[in-house]
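Structure at a glance
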Amino acid sequence: LKEDKRMPTGYRCQLCDFGSAIEGRVDLRSAEDRRIQGEIIRGSTTQMYRAPEMVDLHLVPELTERTDVWSLGCCLYMLCFLRNCFEEN
């Protein structure tokens, strides 16, 4: 987690900046839909937290809440183990 994405409050840490969270489902059936969503994804998400279907927009016909669950899992891993779950070491 980046320092600017969490706010220490006593013994708790609050996550903030959920700009990449989606509301509802996002259609990816047309090339135009994929182009528009690709620009949004590149501008509002950190690559290490992107679900596979956000990296390759041809994998699924729509983006769903599953992408948010993937990102949450990456954040939880970072909080538990203090390293990125995809680091090479």
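Below is a short write-up of the structure. Here, residues in each chain are numbered from 1, in the same order as that chain's written sequence. Thresholds applied to this predicted model are a pLDDT of at least 70 for local features of residues and 80 or more for the giving and counting of side-chain atom pairs; totals over whole chains, interfaces and linings are not thresholded and use all residues. Here the side-chain values reflect all heavy atoms present in the structure, with hydrogen atoms and water set aside.

1. Quick notes on the overall build of the protein
A tally of regular secondary structure across the protein gives three helices and four strands. Note on conventions: DSSP H or I runs of at least 4 residues are helices, E runs of at least 2 residues are strands, and numbering of each starts at the N terminus. Helices and strands appear in the protein in the N-to-C order β-β-β-α-α-β-α. Here's how the labels work: a residue is buried when its accessible area is under 20% of the maximum for its type, exposed when over 50%, partly exposed in between, all with a 1.4 Å probe on protein chains only. Across the 89 residues that make up the protein, the buried fraction comes to 26%. For the area figures, the Shrake-Rupley method with a 1.4 Å probe applies, and any residue is considered shielded solely by the protein chains shown. When the accessible surface of the protein is totalled, it reaches about 6,500 Å², and 56% of it is carbon and sulfur.

2. Looking at the packing of aromatic side chains
Any two of the Phe, Tyr and Trp rings considered here, Trp counted by its six-membered ring, make a pair once their centres fall within 6.5 Å; the pair's planes then place it as stacked at under 30 degrees, edge-to-face at over 60, or tilted in between. Overall, the coordinates contain two aromatic pairs when judged by the stated rule. Pairing W70 with F86 gives two aromatic rings, centres 6.1 Å apart and planes at 10 degrees, and the pair type is stacked. Here W70, found in helix α3 (residues 66-81), pairs with F86, found in the segment after α3; they are 16 residues apart in sequence, far enough to count as distant. Relative to F81, the ring of Y77 has its centre 4.7 Å away and its plane inclined at 45 degrees; by these criteria the two rings are tilted. With Y77 and F81 both in helix α3, this residue pair falls four residues apart, about one helical turn.

3. Concerning unusual backbone geometry
With a phi close to 55 degrees, L82 is a non-glycine residue in the positive phi region. Relative accessible area serves as the criterion here: at 73%, L82 is assigned to the exposed category.

4. Points about the side chain of R50
Looking at the secondary structure, you find R50 in the loop between α1 (31-44) and α2 (52-55). Of the side chains bearing the opposite charge, E53 lies closest to the buried R50, which forms no salt bridge; the N-O distance is 12 Å. In contact with R50, not counting residues within four places along its chain, are I41, R42, T45, V55 and W70. Charged residues are defined here as Lys and Arg on the positive side and Asp and Glu on the negative side; His and the ends of the chain fall outside this count. The rule for a salt bridge is simple: a side-chain nitrogen of Lys or Arg has to be within 4 Å of a carboxyl oxygen of Asp or Glu. By definition, residues are in contact when any of their heavy atoms lie within 4.5 Å.

5. So, α3
What a helix should span is 1.5 Å times the count of its residues minus one. Over its 16 residues, α3 extends 22 Å from the first C-alpha to the last, a length consistent with the 22 Å expected when each residue adds 1.5 Å. Turning to α3, its buried residues are T67, S71, C74, C75 and M78. Buried residues of α3, seen end-on, are gathered within an arc of 95 degrees and therefore sit on one face of the element. Turned more than 90 degrees off the buried face of α3, the exposed positions are R66, V69, C80 and F81. Looking one or two residues beyond α3, the residue adopting positive phi is L82, at roughly 55 degrees. Taken from the helix axis, the directions to the C-beta atoms give the arc we talk about.

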